[in-house]
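The chain contents come next:
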Amino acid sequence: MVDARPERLTRSQARRAVLHASGLDRPRPARSAPGGARELQRVVDRLGLLQVDSVNVLARAHLMPVYSRVGAWDVTALDRATARRPRRLVETWAHEASLVPPATFRDLAFKHAGNRAAVERRGDALHGVPVGRSPEVAAVRRIVDERGPVTAREVQEILGGGGRRSAAWGWSWTDAKRALEHLFFVGELTTAGRNPQFERRFDRPDRVLPPDVLAAPQADEATARRRLVEIAARAHGVASVRCLADHWRTAVAPTSTVVAELVADGVLRPVEVEGWRGPLYLHRDAHVPRRARGRALLSPFDPLVWERTRTEALFDLRYRIEIYVPAAARVWGYYVLPFLLGERLVALVDLKADRRAGVLRVPAVHRTPGPAGDEAHGAPGDVEVAHELAAELWTMAGWLGLTDVRVGPDTSGSLAAALVRELAAATG
């Protein structure tokens, strides 16, 4: 009989457990040269996936979680991992579009099947254009079979002309693009990497996945769900069922069933955290360090912050991506990164890489409200936050190949003046 009585954690303890699980509880190691394939693999092993997003105002979303945990790294290691055999990462629909290990791609087969069923339920259409059994998709499937890997632009050229276009989340998609995205969404296609223009190179999984992964028996849905929940739980340290389901964007009800099984098997333990409504679970490998000493700027797509209710419960921070919010209605800025210092998210920093000028620009920098109640005692002051942030901005600028960091006269936010002083002091 498993003792399922919950243990209790303070919010500080929970934060430290979460940061340790995410690889953000300690300073990044000093290196004489940028990290590479080994560091990339360690981060993927820890997090389970890297979310992909096309916004490049600072750095691509899937590059940032690695940087936040290991510091400067050679991003060509990712090209090798995705484009060369045997591939270590492939792209599919997981937590949105994501890079995952090939074995995880196969474990997501039940999700791909669910995506196909969802498309069929809504009338076999994607963004208003027939897919699935449509002639367009059949034609695109033949092209991939014959010529893959191929980009959407290449497929459209083979089909002839520019193709019809319709708006989809602000982008103009051709018939070829819509058909390929459908086949990607349902797992019939993955990617053999991306080209220099960041276009997906679509191909069939049987030509992309390593032979040993293809040769392994296909897991049934129950086994696959359990493996995915275990990956998510280990990456979270402390989590709710909602957190664990959100990691892979799977349904809450079957995730809850798996969690109950993992509790019965001792993989997860029920836990209570002050200020965070449960039920919550602690992974058996979770560790609560005495202190969290990390420092990092986090992408809006970092797993630490992408489940927003968790971010609010742990860090007292209501944080949303405001890229699609009209400028006048934005609270923090356009592309805003939380700044982690120790165990707190102490600032929100709007950043832009001006590659032509070689400058990392800071349009806005705000101090966060911070933890409520007694735990606010001992939080770093504005001067310390600005000092540490200035150092972090210079580190990031170096990784991005930029030679200057600038806070302009139009920079908004409560930390702007302090950051100006610290940057000036740093440049002497």
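Above this text you will find the structure in question.
All values reported here derive from a predicted model rather than from experimental measurement.

A. Summary view of the nonpolar core. Counting residues in hydrophobic clusters, the biggest one holds 57 residues, and the most contacted among them are Val238, Trp248, Val259, Trp276, Leu298 and Leu304. The element that contributes the greatest number of residues to this core is helix H12 (residues 221-236), accounting for five residues.

B. Molecular detail of the sheet that holds strand S13 (residues 276-283). Strand order in the open sheet formed by four strands is S1-S12-S13-S11, with mixed pairing between adjacent strands. A strand with exactly one partner marks an edge of an open sheet, and here the two such strands are strand S1 (7-9) and strand S11 (238-240). With strand direction ignored, the average angle separating the axes of adjacent strands in the sheet is 45 degrees. Of the strand pairs in this sheet, S11 and S13 are connected by three bridges, and their pairing is antiparallel. What sits directly across from Ser240, in S13, is Leu280. Against the sheet, helix H14 (residues 252-264) contacts strand S12 (268-273) and S13, and its axis sits at roughly 105 degrees relative to S12.

C. Broad picture of the packing of H12 against H14. Direction vectors running N to C along H12 and H14 enclose 75 degrees, while the axes themselves pass 10 Å from each other. In this view, H12 runs roughly perpendicular relative to H14, as classed from their interaxial angle. Along its contact with H12, which presents Arg225, Arg226, Val229 and Glu230, the element H14 presents Pro254, Thr255, Val258, Val259, Glu261 and Leu262. Grouping the constituent residues of the contact of H12 with H14 by class yields five nonpolar, one polar and four charged.

D. Region of interest: the pairing of strand S15 (residues 336-341). The element S15 is extensively covered by neighbouring structure, given that six of its six residues are classed as buried. By the alternation rule, side chains of S15 split into Val336, Pro338 and Leu340 and Leu337, Phe339 and Leu341, which are all buried. Looking at chain direction, strand S14 (residues 295-297) and S15 are connected through three bridges and run antiparallel. The residue bridging Ala296 from the neighbouring strand is Leu340, located in S15. Note that S15 and strand S16 (residues 344-354) share six bridges and pair antiparallel. Across the sheet, Leu341 pairs through a bridge with Arg344, a residue of S16.

E. Fine view of the pattern of salt bridges. Counted by the stated rule, this structure contains 34 salt bridges. Between Glu199 and Arg153 there is a salt bridge, with its nearest N and O atoms 2.8 Å apart. Pair noted here: Glu199 is in the loop between strand S9 (190-194) and strand S10 (200-203) and Arg153 is in helix H8 (residues 152-159), with a separation of 46 residues, a long-range link. Since its relative accessible area comes to 21%, Glu199 is described here as partly exposed. One continuous salt-bridge network, built from bridges that share partners, spans Glu91, Lys177, Glu181, Arg194 and Arg200.

What counts, and at which threshold
- Residues numbered from 1 in each chain as written.
- Predicted model: local features only at pLDDT ≥ 70, side-chain atom pairs only at ≥ 80, totals over all residues.
- Heavy atoms only, no water.
- Core = buried A, V, L, I, M, F, W, Y, C linked by side-chain atoms within 4.5 Å.
- Buried < 20%, exposed > 50% of the residue type's maximum accessible area, 1.4 Å probe, protein only.
- Helix = DSSP H or I, 4+ residues; strand = E, 2+ residues; numbered from the N terminus.
- Pairing = 2+ DSSP bridges.
- Axes fitted to C-alpha atoms, helices over the stretch in contact; angles between N-to-C directions.
- Contact = heavy atoms within 4.5 Å.
- Parallel < 35°, antiparallel > 145°, perpendicular 65-115°, else oblique.
- Nonpolar A, V, L, I, M, F, W, Y, C, P; charged D, E, K, R; others polar.
- Salt bridge = Lys/Arg side-chain N within 4 Å of Asp/Glu carboxyl O.

These figures capture arrangement, not role.
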